[in-house]
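Letter by letter, the chains look like this.
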Amino acid sequence: MSKRFSGELGMKETEIASGPPSHRHANRVVPNIAKYKVGVPPKQSLFEEFKSTVKETFFPDEPLRSFRDQSKSRKFVMGLEAVFPILSWGRDYNLTKFKGDLIAGLTIASLCIPQDIGYAKLARLPAENGLYSSFVPPLVYAFMGSSRDIAIGPVAVVSLLLGGMLENEIDPEKNKTEFLGLAFTATFFAGVTQIVLGFFRLGFVIEFLSHAAIVGFMGGAAVTIALQQLKGLLGIKDFTKKSDIVSVMRSVWSSVHHGWNWQTILIGISFLCFMLLAKYIVRVNHINKGVSPPSINEIYFTGDYLAKGFRIGVVCGMVALTEAIAIGRTFASIRDYRLDGNKEMVALGTMNIVGSMTSCYVATGSFSRSAVNFMAGCHTAVSNIVMSCVVLLTLELITPLFKYTPNAILASIIICAVIGLIDIEAVILIWRVDKSDFIACMGAFFGVVFISVEIGLLIAVAISFAKILLQVTRPRTAVLGKLPWTNVYRNIQQYPEATRVPGILIVRVDSAIYFSNSNYIKERILRWLIDEEEFNKEKNQPKIQHLIVEMSPVTDIDTSGIHALEELYRALEKKEIQLILANPGPVVIGKLHDSKFADVIGEDNIFPSVADAVQAPDPKTEEL
C-alpha cells in the first residue's frame, strides 16, 4: 500500500518538515526490509489436536516429567513421594527444623483449642467435635500435604456455612443424633468432592470465584459471625436462628430490657475476674473426654439424608478448598517454593474423608492459625503433628476444665478471630483498580450480611460468572495509530501522539472470536468505520479504502467467528473497502484456510504485521 499513499505521505512529510522541530519526523516512514507471508502450521490429526487440548487443559505442569528415564524402582519411590511428600522432605529433616516446628506447633495449639470450641458452636456441633477436627485431619495432612506453612483445623466461615445449611434440614436441638450424622455425611462428601477435583485435575473450577468475591464473602461472613456472638456476649437466651443482620439486630434490641445479662457483658468485654466468676456464669456444655470415636456408622450412605449431605458437602468442600489453596499459595510465594494445587486437593479430601469417620467435621487451612504458624518459625508440616499431639493430650487430660469456660469468653475469642477476615485495604484496592470487581465484592458482602451465607456465596459465584460472560461477550476493540519514529501501531487513546494513516482504518480485536461475541465484534468494527468516516469528512481527510484488523490478541476463532468475518468482508466490499488481516496466530490462520476464507479474502491481504500491511503495494495501483 506504500504506492497508494505515497502522495499523501509525501505531502504530510513536507508539512511536518516545515512545522516545529519536535514534530518534523513524527511520521517518518521506516523502510520495509523484508516481506513475509503468514505461515500456516502443519495440519494436526484429530487425535493429536484432542491430545494437545487435554494436555494443556488438565496437565499444563507436566506432572510426570520427572518420571522420564527413571528405573521402575525409582518410579515406584517417586510415586510414593508424590502421594506422601513427607517421604521426600523427611530425609533432610533435622533437629534445627524440629525446634522451629515444635515451637510453632505449641503456639498454634494454644490458639486452636479455644477456637475449635467456638467454631464447633458456630457449626451447631458439640465442642469435642471441634477439637477432634484439630486432631485427626492435621495428622493426615502432615503426611500428604505439600505446604510447609498451612495449619489445619476448623475455620469460622466453613463452620458457619455448614451449621446454617445443616440447620435448614434438621433441628439440632430436637434431633441431635440425626444432625450429627448429617454433619459427618456432609464432611465425607466434602472430602470426596476435593479428591475428585484434585485427582481429575479440575482445580481450575475453584478459580471461577474471583479474589474480589472472596474478599466480600469473607468480610460478610466475619460480620455475620461476630453478630451471632452477641448471644453469648450479652447473655441472651432467646435468640434468633437466622443469620441476617436485620433478624439478629431485631433479636438483640428486643431483649434489651429483659434478656441482657450484665454480668456476662462485663466478663466478655473486660475478661476481669474470669476464674473467680467462671463457675457462676452460663457455662458451656460438658466436653467428652478421650480420643475421637469412630463415626462411620453415623454417615448416611442411603436414605433421604444422603442427597442432602452430598449437596451440603459439595458446597462446604468447595469453599474450604478456596480458602486452603489461597493460603497455601500465599505462603509458598513468600517462601519461594512451588505448591501443587491438585495434590493439595487430594490431601485435603483424604483428611476430610478420614475425619468424617472419626467424629470430625470439615477442616481446612486456617488464615489466622497459618499466619501464626509462619510467624512462629515453622519449617515443615511437623508443626501440625505437634499441634495434633497437644490436642490429644487436651482431650485426654484437660477437657473437664473447659466445662467452666463462659460463653462470653468463647464469643470474645470468636470475634477476635474473625475480625482479621475483614480486609479493608483489599476493598480499597479493589475499588481503585476495578469497579466491576468492587461490585462483585460488595454483592457478596451484602448478600451474606443481609440474607444468608449460602445466598451470599451464590451471589459471589453469580457475579464472578457474570463478569466472565461480560468480558467474553463484549471484548475490547481499539483503533490503532502509528507511533512517531517507529513502525509500531498502538491504541490512539492510550497514545495520543499516535497518528492515523490516511485512507486506512486499523482496528485491533482484544479477544478470541467465538459464537458469543462474533456478531458484537463485527458490529463494533463497522461502528468504528462509521466514526472514522465522519471524522475524515470533518477533517477533509481521504476516504477509507482499507480496513486492517490486527489479530495478534485473537487466540482462537470458531465457525461463528469466521462467518462474522465473511459478513464483515461483504459489508466492506459494498463500500469498496478492502478487508485486510494482520498477524493471525497459528490456530486462527489454520482455521481460515480450512474454511476457505483465506481464499475469499485473498492471501495477498493477510500480513504478518500491521506495518507490513500498511507498506504493502496496492495491487490495483500496480495494475495501473
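Residues numbered from 1 in each chain as written. Predicted model: local features only at pLDDT ≥ 70, side-chain atom pairs only at ≥ 80, totals over all residues. Heavy atoms only, no water.

**A short note on the UniProt feature "transmembrane region" (unreviewed entry) in the protein chain**
What counts, and what does not: UniProt positions are given in the numbering used here, feature names are shortened, and annotations may be inferred rather than shown by experiment. Numbering of helices and strands runs from the N terminus; a helix is a DSSP stretch of H or I covering at least four residues, while a strand is a stretch of E covering at least two.
The UniProt feature table records "transmembrane region" (unreviewed entry) at residues 179–200, 212–230, 260–282, 345–368, 374–395, 407–431 and 443–466. With 58% helix and 8% strand, the stretch residues 345–368 has end C-alpha atoms that lie 20 Å from each other.

**Comments concerning empty space enclosed by the protein**
Selection rule: Each cavity reported here is a set of points on a 1 Å grid over the protein atoms alone in which a 1.4 Å probe fits but cannot get out, each pocket an open set with protein on both sides within 12 Å along at least five of seven lines, and each lining residue one with an atom within 4 Å of a point. Grid points are joined across faces, edges and corners, and a volume is the space filled by probe spheres set on the points. The nonpolar class holds Ala, Val, Leu, Ile, Met, Phe, Trp, Tyr, Cys and Pro. Asp, Glu, Lys and Arg form the charged class, and all remaining residues, Gly among them, are polar.
Counted according to the given criterion, the structure contains four cavities of 30 Å³ or more. Taken as a whole, the largest cavity encloses approximately 60 Å³ of empty space. Every residue lining the largest cavity is listed: Lys 37, Val 38, Val 40, Ile 589, His 593, Glu 603 and Ile 606. Grouping the amino acids of the lining of the largest cavity by side-chain chemistry returns four nonpolar, one polar and two charged.

**Considerations on the pairing of strand S7 (residues 578–582)**
Taken residue by residue, a regular strand's side chains alternate between the two faces of the sheet. Definition in use: Any residue under 20% of the maximum accessible area for its type is buried, any over 50% is exposed, and the rest in between are partly exposed; the area is computed with a 1.4 Å probe on protein chains only. For two strands to be treated as a pair, DSSP must find no fewer than two bridges joining them. Assignment of crossover handedness uses the view with strands pointing away from the viewer, where a clockwise path from the first strand over the helix to the second indicates a right-handed crossover.
Where burial is concerned, most of S7 is hidden: four out of the five residues are buried. Across five bridges, strand S6 (residues 546–550) lies against S7 in parallel orientation. Bridging from a neighbouring strand, Val 549 pairs with Leu 581 of S7. Between S6 and its parallel partner S7, the chain crosses via helix H24 (residues 559–574), and the hand of that crossover is right-handed. Both S7 and strand S8 (residues 606–607) contribute to a ladder of two bridges, which runs parallel. Directly across from Ala 582, in S8, lies its bridge partner Phe 607.

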